Amino acid sequence: MNPPQYLLLSEATSVSDFVDDPVFTDVTKDGEVYTTYRIVRFTHEVKGHHDDWTHLANVSLEFDVGIGVAYLRVRNRIIEDSRIKPVSDTSGS
Amino acid sequence: MNVLVCNDHAEPLDSLIAVLENDTAVASINVANTGRQVLDTLHSQPVDISISSGTGLDFNRMLQRHIDPVVANNLTRVVATTTPSAPLLVKAHQYGFNNVLPLTDETSNFVPTLQRTLKGEESLANHPTVKALHLTPGALAHNISFEDSNDQHVIELVGVGLPDLEIAEALNLTIQTVRNRVAHLIRINHLSNRTQLALLQNSNWQIPDFA
């Protein structure tokens, strides 16, 4: 099985090039906890990932302070699923 | 201290009533055997503290929605029970009760416990079982809020147990939209998770007539 390919996207792209709505909700803890994020920038296109992730993006919490990296499954400009890498505390301490 | 005891057949509070009747710290004691009696007493007489049994917990939560907000805000609510189990403690906390009075304690502790609860010196929130869980007090005590009919449709389908994907299919919405709306509903109702949202939706009903 070939490893997935991560294709770096140009910084000239905008979020609206990929999705209709930059706000999405990640669901964790057995479908119980809902956390809403906003995509800041799509950084990579992903090909051949065994979990069908299609993009990597920088994200920020929509209703709190924090940033992270999201694996996204984007189809027809809709975010169907996501997995967030640890969100950073940006308090500076 | 003016006390209202909400008595029920499943877990009678007769022993507690006998203790309260013989304590000089209790200025008045009313005993209600029906929901109508509870509401009539609360709306016609000064009541500082209302006591319900563990088995009457769910009914008492529903009654809370029929109490004048001014009266409700000044009312201390206690559950008295012989079986203060962890589920009962957590439920009472989530339903907005101030304390749980264990009837297994010495009877001489009953009135002092009620007095400390009334003064805010003793609270269910400080019980070790509850404190360890990082819960929001009274999370399931209020009526559910939503902003428009789209939210209402989503929450109704959450309440009957549909997963997000099926809600999206039923309402012809994208999965992204449904999850954003569920997150919004959890947030504006000050809840922690989806199960609480479904529970609050399913308890969001009123008795049309108490007469």
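(A) Layout of the overall build of chain A. Across its full length, chain A holds 0 helices and 6 strands. Listed by position from the N terminus, the elements making up chain A come as β-β-β-β-β-β. Over its C-alpha trace chain A gives a radius of gyration of 13 Å, about what one expects of a compact globule, namely 12 Å for 93 residues. In terms of principal-axis extent, the alpha carbons of chain A reach across some 40 × 35 × 30 Å. Every one of the 93 residues in chain A was classed for burial, and the buried ones make up 38%. Relative to all contacts within chain A whose residues are 6 or more apart in sequence, the contacts with residues 24 or more apart total 42%.

(B) Seen up close, the sheet that holds strand β2 (residues 28–32) of chain B. All names here are of chain B. On the basis of which strands lie adjacent, the open sheet formed by 5 strands has the order β2-β1-β3-β4-β5 and parallel pairing. On the outer flanks of this sheet lie β2 and β5 (99–102), each paired with one strand and no other. Across this sheet, the average inter-strand angle for adjacent strands is 25°, counted without regard to direction. Bridge count for strand β1 (residues 2–6) against strand β3 (residues 49–53) is 4 bridges, and the pairing is parallel. In the sheet register, V5 faces β3, and the bridge partner there is I51. Where helix α3 (residues 57–64) meets the sheet, it contacts β1, β3 and β4 (76–81), and its direction lies at approximately 165° from that of β4.

(C) Summary view of the interface of chain A and chain B. Tallying the contact residues gives 16 residues for chain A and 14 residues for chain B. Carbon and sulfur atoms supply 48% of the area that chain A and chain B bury against each other, a total of about 1200 Å² over both sides. In this structure, the salt-bridge partner of D81(A) is R179(B), at a minimum N-O distance of 3.7 Å. Listing elements by their share of the side of chain A that touches chain B, those giving two or more residues are β2 (23–28), β3 (33–47) and β6 (78–84) of chain A.

(D) Molecular detail of the packing of aromatic side chains. All names here are of chain A. Counted according to the given criterion, the structure contains 3 aromatic pairs over all chains. Taking 5.8 Å as the distance between ring centres and 25° as the angle between the ring planes, the aromatic pair formed by F24 and Y37 counts as stacked. Of the two residues, F24 sits in strand β2 while Y37 sits in strand β3, which places them 13 residues apart along the sequence. There is no split in this pair, since F24 and Y37 are both buried. Seen in terms of ring centroids, W53 and Y71 are 6.2 Å apart; in terms of plane orientation they differ by 55°. Their pairing is tilted. Linking W53 in the loop between β3 and β4 (55–61) with Y71 in strand β5 (residues 67–75), this pair joins segments that are 18 residues apart in sequence. Looking at W53, the relative accessible area reads 6%, which means it is buried.

(E) Molecular detail of helix α2 (residues 35–44) of chain B. Residues and elements named next belong to chain B. Of the positions making up α2, those classed as buried are G35, V38, L39, T41 and L42. Within α2, the buried residues cover an arc of 165° as seen down the axis, which keeps them to one side. Considering only its buried residues, α2 is in contact with β1, β2, α3 and α4 (69–73).

(F) Looking closely at the side chain of T76(B). Note that T76(B) resides in strand β4. Dropping the residues within four chain positions of it, T76(B) is found in contact with D48(B), I49(B), S50(B), N98(B), T117(B) and L118(B).

(G) Geometry of the packing of helix α8 (residues 149–159) of chain B against helix α9 (residues 164–171) of chain B. Residue and element names in this part refer to chain B. The N-to-C vectors of α8 and α9 enclose an angle of 135°; their axes lie 10 Å apart at closest approach. One element, α8, and the other, α9, form an angle in the oblique class. The handedness of the crossing between α8 and α9 is right-handed. Residues H153, V154, L157 and V158 of α8 lie in contact with α9, whose contacting residues are I167, A170 and L171.

The rules behind the values
Residues numbered from 1 in each chain as written. Chains lettered and ligands numbered in written order. Predicted model: local features only at pLDDT ≥ 70, side-chain atom pairs only at ≥ 80, totals over all residues. Heavy atoms only, no water. Helix = DSSP H or I, 4+ residues; strand = E, 2+ residues; numbered from the N terminus. Rg over C-alpha atoms; globule rule 2.2 N^0.38 Å. Buried < 20%, exposed > 50% of the residue type's maximum accessible area, 1.4 Å probe, protein only. Contact = heavy atoms within 4.5 Å. Pairing = 2+ DSSP bridges. Axes fitted to C-alpha atoms, helices over the stretch in contact; angles between N-to-C directions. Buried area = accessible area lost by both parts, 1.4 Å probe. Salt bridge = Lys/Arg side-chain N within 4 Å of Asp/Glu carboxyl O. Phe/Tyr/Trp six-rings, centres within 6.5 Å; stacked < 30°, edge-to-face > 60°. Arc of directions from axis to C-beta. Parallel < 35°, antiparallel > 145°, perpendicular 65-115°, else oblique. Left-handed = near helix turned anticlockwise from the far one by under 90°.

It is worth stressing that arrangement in space is one thing and function is another; only the former is reported here.
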